[in-house]
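These are the residues of each chain, in order.
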Amino acid sequence: MNTWLIAWGIIFVLAIVVELSTMALVSIWFALGAIPAAIMAAFKLPSWSQILVFAVVAVLCFILFWKKLTARRNENKTNAPALVGKQCVVIEEINNLAETGRVQIGGLTWAAVSEGGGTIPEESIVEIVEIRGVHLICRKVS
């Protein structure tokens, strides 16, 4: 039996087992690289070419899929991080020195501070530029 074919089969199975146990996309790339390498081993092509194809396919799969996965992950912001960049209404004057200020967005009220340290009057429209702890950092829009 072809030793390299067995080796690629073992690498494929181990990579799949690790991937299924973690579900963190840490080893699927190796499983995908082992497939063409095993096909090459079945045709008894040189071992150096099998290793090269394994490495190239694994790296290419990682690069291509990782970009798509991280782009999709960034598109689906939820909860508090999704508020950054949105506009809301000041319902209590924002005054960093007096430690006052509340805004309302999405039916919820949040403690707010101004980005530049100035005062922002009640009923102003502000943009959320950052979140620090439980405070929204806001910039006056109008």
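Residues numbered from 1 in each chain as written. Predicted model: local features only at pLDDT ≥ 70, side-chain atom pairs only at ≥ 80, totals over all residues. Heavy atoms only, no water.

1. Some thoughts on the sheet that holds strand β3 (residues 108–114)
Around the barrel, 5 strands lie side by side as β1-β2-β3-β5-β4; this closed barrel has mixed pairing. In this sheet, neighbouring strand axes are inclined to one another by 50 degrees on average, regardless of whether the strands run parallel or antiparallel. Bridge count for β3 against strand β5 (residues 135–140) is 4 bridges, and the pairing is parallel. Residue pairing for β5: alanine 111 is matched across the bridge by histidine 135. (Pairing = 2+ DSSP bridges. Helix = DSSP H or I, 4+ residues; strand = E, 2+ residues; numbered from the N terminus. Axes fitted to C-alpha atoms, helices over the stretch in contact; angles between N-to-C directions.)

2. Quick look at the side chain of glutamate 19
Within the element layout of this structure, glutamate 19 appears in helix α1 (residues 3–22). The class for glutamate 19 is buried, based on a relative accessible area of 8%. In contact with glutamate 19, not counting residues within four places along its chain, are Ala24, Leu25, Val26, Ser27 and Ile28. (Buried < 20%, exposed > 50% of the residue type's maximum accessible area, 1.4 Å probe, protein only. Contact = heavy atoms within 4.5 Å.)

No statement about biological role is implied by the geometric values presented.
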